[in-house]
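Understanding the architecture of this molecule
Chain residues, written in single-letter form:
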Amino acid sequence: MKIRLFTLGRADISISIGALMVVIAAVLMGRADDLALSMAALSLHEGAHTLAAMAAGKRVGEIELTSVGLCATIAGKRPNVFDELFIASEGPLFSLFSGLGCYCVNKSGLIAADIVEQFAYINIAIAAVNIIPAVPLDGGRMLECVRHGNGVPARANRNAARK
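Because the structure is a prediction, the values reported are computed rather than measured. (Residues numbered from 1 in each chain as written. Predicted model: local features only at pLDDT ≥ 70, side-chain atom pairs only at ≥ 80, totals over all residues. Heavy atoms only, no water.)

1. Overview of the packing of aromatic side chains
Considering all chains together, one arrives at one aromatic pair under this definition. Note on Y103 and Y121: the rings are 6.1 Å apart at their centroids and 50° apart in plane angle, and the pair reads as tilted. One end of the pair, Y103, is in helix α3 (residues 81–108); the other, Y121, is in helix α4 (residues 114–130), and 18 residues separate them in sequence. When its relative accessible area of 32% is taken as the criterion, Y103 is described as partly exposed. (Phe/Tyr/Trp six-rings, centres within 6.5 Å; stacked < 30°, edge-to-face > 60°. Helix = DSSP H or I, 4+ residues; strand = E, 2+ residues; numbered from the N terminus. Buried < 20%, exposed > 50% of the residue type's maximum accessible area, 1.4 Å probe, protein only.)

Following this line, the structure appears as C-alpha cells:
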C-alpha cells in the first residue's frame, strides 16, 4: 500500500506505508538528519536513472519511496535490453563517482566536513549494494540484460517492474 504525495513533472511521487514507518522511527530516535542525508543520496541515484531513461527516450511514470529506498518505474513500453542496461547502470555509476568525488574533496581539505565524508560513504554503499546481481537491484537488472543480449527484455525485469 502506498500514498501518493505529489506529481513532479509527469511522474507521481509516492511513499509506501513501510517507508512512512521508517521516517517516523528515524524522527523519534533523533536520526532525522542521517535519514535526510541518505534520502538525498538515494534521490540523486534515482535521478541518474531518470535522466538515463529520458536520454533513451523513455519517461518515468512513478517514483516510490519504499522502506529500503527509492524505485523509479518507467511509463509505457519497456525499454529494449540495451536501453535497460544503460538505464540500470547509471544509478550505481553516479553513486560511485559522487561518493568518490566527495571523499576526494573531503580528504583534499577543500571542504573538510564530517557531512561530506558521511555523504561519500553513503553514496559508495548505495553503489556497492546496487551492483549486487539480484533482481530488483540494478546489478540484477544489468545481469539479466547481459544474459538476454538479443534485444528481448528479460522476464525478471518485467516482473520487477510490476511490483
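2. Here's the deal with the pairing of strand β2 (residues 11–16)
For β2, a buried count of five out of six residues is recorded, marking the element as mostly surrounded by other parts of the structure. Alignment of strand β1 (residues 2–8) against β2, held across six bridges, turns out to be antiparallel. The partner of T7 across the bridge, within β2, is D12. Pairing of β2 with strand β3 (residues 59–66) involves four bridges; the strand directions are parallel. When the bridges of β3 are listed, D12 appears paired with E62. (Pairing = 2+ DSSP bridges.)

3. Some points on α3
Taking 1.5 Å per residue as the helical rise, α3 with its 28 residues ought to reach 40 Å, and the 40 Å between its terminal C-alpha atoms agrees with that figure. When we look at burial in α3, the residues that qualify are V81, E84, I87, A88, S89, G91, P92, S95, S98, G99, C102 and N106. Between the side-chain oxygen at the start of α3 and the backbone nitrogen of F82 there is a gap of 2.9 Å, and the oxygen is on N80. Immediately beyond the C-terminal end of α3, within one or two residues, lies G109, with a positive phi of roughly 95°. (Expected span 1.5 Å × (residues − 1). Polar contact = N/O pair within 3.5 Å; in protein donor to acceptor, adjacent residues only side chain to side chain.)

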